[in-house]
Amino acid sequence: MATILKVQNLTKLYGSRKGVSNISFEVGSGEIVGLLGPNGAGKTTTVECILGLRTPDSGRIEVNGIDSRSEPDTVRRMMGAQLQSTSLHDSVTPLEITRLFASFYSPEPDADQALNRFGLLPQTDTRFQHLSGGQRQRLALTLAFLHNPGLVILDEPSAGLDPAARQDLLECIVAEKNKGSAILLCTHHLDEARRICDRVIVLNSGSTVAQGTPASLASLHSETVSIRLRTAQCPNPLDLKSIPGIVTVTPSGDAWILASSDPNQSLREIGRLMEATGNRILEIHMEVASLEDAFLRLTRHSSAL
Amino acid sequence: MIKGIWRHFILTLRLNFRSGRAIAYGYIMPILFLIGFGAVFRSGDPPLLHEIGQILTITILGSACLGMPTALVAEREKGVWRRYQLLPVPINALLSGVLLVRIILAFTAVGLQLGLAHWIYGTPLPSGLLTFGIAFAVVIFAFLGIGIILTSQAKDVPSVQALGQCVFLPMILIGGVGIPLYALPDWCRQLAAFMPGRYAVELLQSTYEDGSLQHFPAYPALILMVMGAAALIAGLRLIQWEQSRPERSRSILWITFAIASWAGAGLTSIFLDRSTPFHLIHSPSFLAIDEMAIDSITYDGLPDDHGIYTPLAPPLNPDQRMTHRMREFMPRLKNWDPGLKGDTGQRVRNLLAVAAIADITQDNSEAIIARQIYDFMRADFDPQELNHALAWVILSPHAGSVVSAAPELGLRGEAHPDIIRERSAWYARKYLGRVLRQIQDSQTERSGG
């Protein structure tokens, strides 16, 4: 897997306030790397520095080995982007704007083909103001992937979309990754990161706090495992709380959600408790370490530091 | 890249015509201004010809300093220009397409106004398309620079519109654009010399009426070029494509740079005594007036001879009793230097000015003075030359020099040159009408001329 994007020791300050400090990471071809972090973590600053919208104070950004500061035009040709807070003219049509953008690249991409790639052929002549939210995001993706760039940066691509539209969009992104694009994805939706990212980078307060695959981050940084328990008779919650390893007990409909720091021991003790009380387990389901837990722990912990 | 820039230009033009608001501001408003001016100034001869510079300046100013900044800031607010920044093309290349679109829009709006003025009011079309085209290009260049600065300083659409009005309204009200300079007090005229609007009016008006290249008004053109260049340089330094304003210190520096050109222009004009209202420096002399021009003059709507505005006594009876002062007036007039020196055209203009001064200062014998001047002209000048000279004063009221006082003829007081020119033109029309028998002059008719 070739390295397409290389960010080294990126630092950007806003006066005395730290935007990002000493951020380093890489994105390879055919890989989706998620950039996660709470609001103000530095995700947008990082993305804007990579795109050339902001000038870093220090550090190096290379795309295909080319320094973005010394050859910004060359680098821009190799990148595509979908920005979070971007709109287009109300009365422009997808075909017009795609043709416009296409005309800046050589060889000129086929606009109809590009629109078809993201399912927008029926809307080629629909004015932007009449497109749905999902269609607008797909148009933004069309423009980002139009010239088959080696690197694509997506900033909150599914913001404001309903679950079905978001699902469609994620599938489009994965399809592009499978064609070999390197994709840097900024998102607040951890389930998105878990589903489609090959690796994630967690930022907080302008610094990198963790990097790795979603599963490794979850297992390394999650403190507890969730156990969902449904029994024939309602158990005494105090009995459940007294099981070794159980941290919290939360009712959930006709079941209980137990957070356990030692799932193996907790499961054994649950079995003994059921036997001792003459109860019967109807359903038991253990959820593996969650990225959400890891994320919250990482960002709260680093904030506390 | 060239193809992309061209496509962006075409798309920008197309999108403008998809916006109802843009069409209303760009075309309906200029038509309304034309109709407004037509309602007030339609009695001119030809109608609106002497106001055309103002009308067109308002259109171009509105397009460049209100229309364009509003469109650019609205796009920037949406994030359109932020997205454009990611394209492999210098952003200023796309901006140049926007400026070109604005030139086309202003040009078509001006064309629409001229066509309607010609059709509805009979206003003649520009006498020289090349020189008028050059004037238009210079004016819009000057105003587009201001528009870029306004775009750079506004954060959102409401603030850019407010800033635009801060530039637009002073020029309209006291800058000689909306209200003609001759109708403004002295201090306004001095102040107008510091604003580009006044030079735009002069440039457009002069080239509209006199399309000859050798008479191209270089001074206002040069002033506008300097102002426009300063504004454009400052604007390009300041404009940002994110929704944020440039640093305060940078803004102050570059805006000061642009305003310095306005200050320089004003001080230069005052020093060179060019702050007085626009005048057609290079109007054709009376010799260039031909018969067709004389025939084009109409005599409708002349003020009443017995009224308070340009009164004219009926033909004098030799037995008529006159005051001592009036009996002395004609001998003095025959020896009055400005009435004897210079070419026929200027002499006639000087004599008409005497009648005008008497009228403006409300001399007790103003009507008789006017009649005596008429009689003197009929007796002293070659008839053909007199006709041409009177027509020249009517058709080129701002040409030549003007006498503003005549104490040696017993006239007290002094009048403003602009008002003298205006009244002289009315008297010239009354006189020429009588000479050509287009107006009844009772003694002329009785005596057979």
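So, how was this worked out
Residues numbered from 1 in each chain as written. Chains lettered and ligands numbered in written order. Predicted model: local features only at pLDDT ≥ 70, side-chain atom pairs only at ≥ 80, totals over all residues. Heavy atoms only, no water. Buried < 20%, exposed > 50% of the residue type's maximum accessible area, 1.4 Å probe, protein only. Helix = DSSP H or I, 4+ residues; strand = E, 2+ residues; numbered from the N terminus. Pairing = 2+ DSSP bridges. Axes fitted to C-alpha atoms, helices over the stretch in contact; angles between N-to-C directions. Domains from an automatic or database assignment. Contact = heavy atoms within 4.5 Å. Buried area = accessible area lost by both parts, 1.4 Å probe. Salt bridge = Lys/Arg side-chain N within 4 Å of Asp/Glu carboxyl O. Polar contact = N/O pair within 3.5 Å; in protein donor to acceptor, adjacent residues only side chain to side chain.

### Observations regarding the pairing of strand 6 (residues 79–82) of chain A
Residues and elements named next belong to chain A. Here strand 6 shows no split at all, with M79 and A81 on one side and G80 and Q82 on the other all buried. Two elements, strand 6 and strand 7 (residues 151–155), share four bridges in a ladder whose sense is parallel. The partner of Q82 across the bridge, within strand 7, is L154.

### Section: the sheet that holds strand 6 of chain A
Residues and elements named next belong to chain A. Strand order in the open sheet formed by six strands is 6-7-8-3-9-10, with mixed pairing between adjacent strands. Only two strands of the sheet have a single partner each, and these edge strands are strand 6 and strand 10 (207–212). The average undirected angle you get between the axes of adjacent strands in this sheet is 15 degrees.

### So, the domain arrangement of chain A
Per the domain assignment, the segments of chain A are domain 1 (3–219) and domain 2 (223–288). Taking the mean C-alpha position of each, domain 1 of chain A and domain 2 of chain A sit 43 Å from one another.

### Describing the interface of chain A and chain B
Taken together, the 28 residues of chain A in the interface contact 24 residues of chain B. Taken together, the two surfaces of chain A and chain B that pack against each other cover about 2,600 Å², and 59% of this comes from carbon and sulfur. Run the count over chain A and chain B and you get six salt bridges. The partner of R18 of chain B in a salt bridge is E96 of chain A, and the shortest N-O contact between them spans 2.4 Å. For the pair chain A and chain B, the number of links is 12 residue pairs in polar contact (both at pLDDT 80 or more). Among the secondary structure elements, those contributing two or more residues to the side of chain A that touches chain B are helix 1 (43–51), helix 2 (72–78), helix 3 (94–102) and helix 5 (133–145) of chain A.

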